[in-house]
Structures are given as structure tokens and as C-alpha cells.
Amino acid sequence: MREIQRRYAPQAKPGLIIGDDLADGFHTWKEASELARITELIVARRGPQRVSLQGFPCTYLENTLLPISSSEIRRRLAADLPVRSLLPERVLRYILHHGLYR
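Let us look at the structure shown here. (Residues numbered from 1 in each chain as written. Predicted model: local features only at pLDDT ≥ 70, side-chain atom pairs only at ≥ 80, totals over all residues. Heavy atoms only, no water.)

## What to know about the packing of aromatic side chains
Moving on, step 1. Per the stated rule, a full pass over the model turns up 2 aromatic pairs.
Moving on, step 2. Residues Phe26 and Trp29 carry aromatic rings whose centres are separated by 4.8 Å and whose planes lie at 55 degrees to one another, so their mutual orientation is tilted.
Moving on, step 3. For the ring pair Phe26 and Phe56, a centre distance of 5.0 Å and an interplane angle of 90 degrees mean the geometry is edge-to-face. Residue Phe26 is found in the loop between helix 2 (20-23) and helix 3 (32-38), and its partner Phe56 is found in the loop between strand 2 (40-44) and strand 3 (59-60); the two are separated by 30 residues along the sequence.
Moving on, step 4. What makes Phe26 buried here is its relative accessible area of 0%.
Moving on, step 5. Feature note: the residues Phe26, Trp29 and Phe56 constitute an aromatic cluster, connected by ring pairs. (Phe/Tyr/Trp six-rings, centres within 6.5 Å; stacked < 30°, edge-to-face > 60°. Helix = DSSP H or I, 4+ residues; strand = E, 2+ residues; numbered from the N terminus. Buried < 20%, exposed > 50% of the residue type's maximum accessible area, 1.4 Å probe, protein only.)

## Details of the sheet that holds strand 3
Moving on, step 1. Spatial ordering of the open sheet is given by 1-2-3, a layout of 3 strands whose pairing is parallel. One side of each edge strand has no neighbouring strand; the edge strands of this open sheet are strand 1 (15-19) and strand 3.
Moving on, step 2. Here 2 bridges tie strand 2 to strand 3, and the two strands are oriented parallel to one another. Residue Ile42 lies in a different strand from strand 3, and its bridge partner there is Thr59. (Pairing = 2+ DSSP bridges.)

## Some words on a nonpolar patch on the surface
Moving on, step 1. On the surface, Tyr94, Leu100 and Tyr101 cluster together into a nonpolar patch covering about 300 Å² of accessible area.
Moving on, step 2. Mapped onto the elements of the fold, Leu100 is located in the segment after helix 5 (89-98). (Patch = residues over 30% accessible without salt bridge, like charges linked within 9 Å, V, L, I, M, F, W, Y side chains within 5 Å. Areas by Shrake-Rupley, 256 points an atom, 1.4 Å probe, with all protein chains shown as cover. Salt bridge = Lys/Arg side-chain N within 4 Å of Asp/Glu carboxyl O.)

## Let's talk about the pairing of strand 2
Consecutive side chains of a regular strand alternate in pointing toward one face of the sheet and then the other.
Moving on, step 1. In terms of burial, strand 2 is largely enclosed, as 4 of its 5 residues are buried.
Moving on, step 2. Sheet topology note: the strand 1/strand 2 ladder contains 5 bridges and is parallel. From the neighbouring strand, Gly15 faces strand 2, where its bridge partner is Glu40.

Pasting the structure below:
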């Protein structure tokens, strides 16, 4: 995030989106307080219950829950299995163009 701020000098705090599966442990992240100070923390739902960031200010997304994880998408890409229905077309094109997760 410091590099993003240095390179792009945004006029507002950049957003950092994390899944609520990571929220309980956010306080253990390296420089969590500093990260919370310099970013807008945004928590996306991964499960049916809202999880707290344990006192850190954040915004909760009311996003649609998808029954697949990013780890599963990466595994499928590495195994050359179909993922077209799991990703936006632009994201898939970028991944394929750059040979990511192979």
C-alpha cells in the first residue's frame, strides 16, 4: 500500500478488500494498525455470518456469496480445467495473457 501511495498519489485512501475469513486474524498482520490507518478496509463476505475486524474501522460489503474459493480457481487454472464461468472475461483474459497460475 505504501508503494501504491508513493507511485500513484491517490487523492483518497486506497481500498483494501479482504475476505471475512481473514478478518479475525487481521490484528496479527504485520503493521495492521498502520495498514488500517492508510487504507479503507473493506470486508467481503465469504460466509453467512459477519465477522468483526476486532476494533479496526471498516466497511462491510453485501456481496453475493459464491460457492468457490480463489484457491480452487487457481488450482483449476494450474490443472487446465474450465474456469470461464467463475471469472469475469477480462480477468480470465489477463490471467491467460500473462500465464498466471501455470
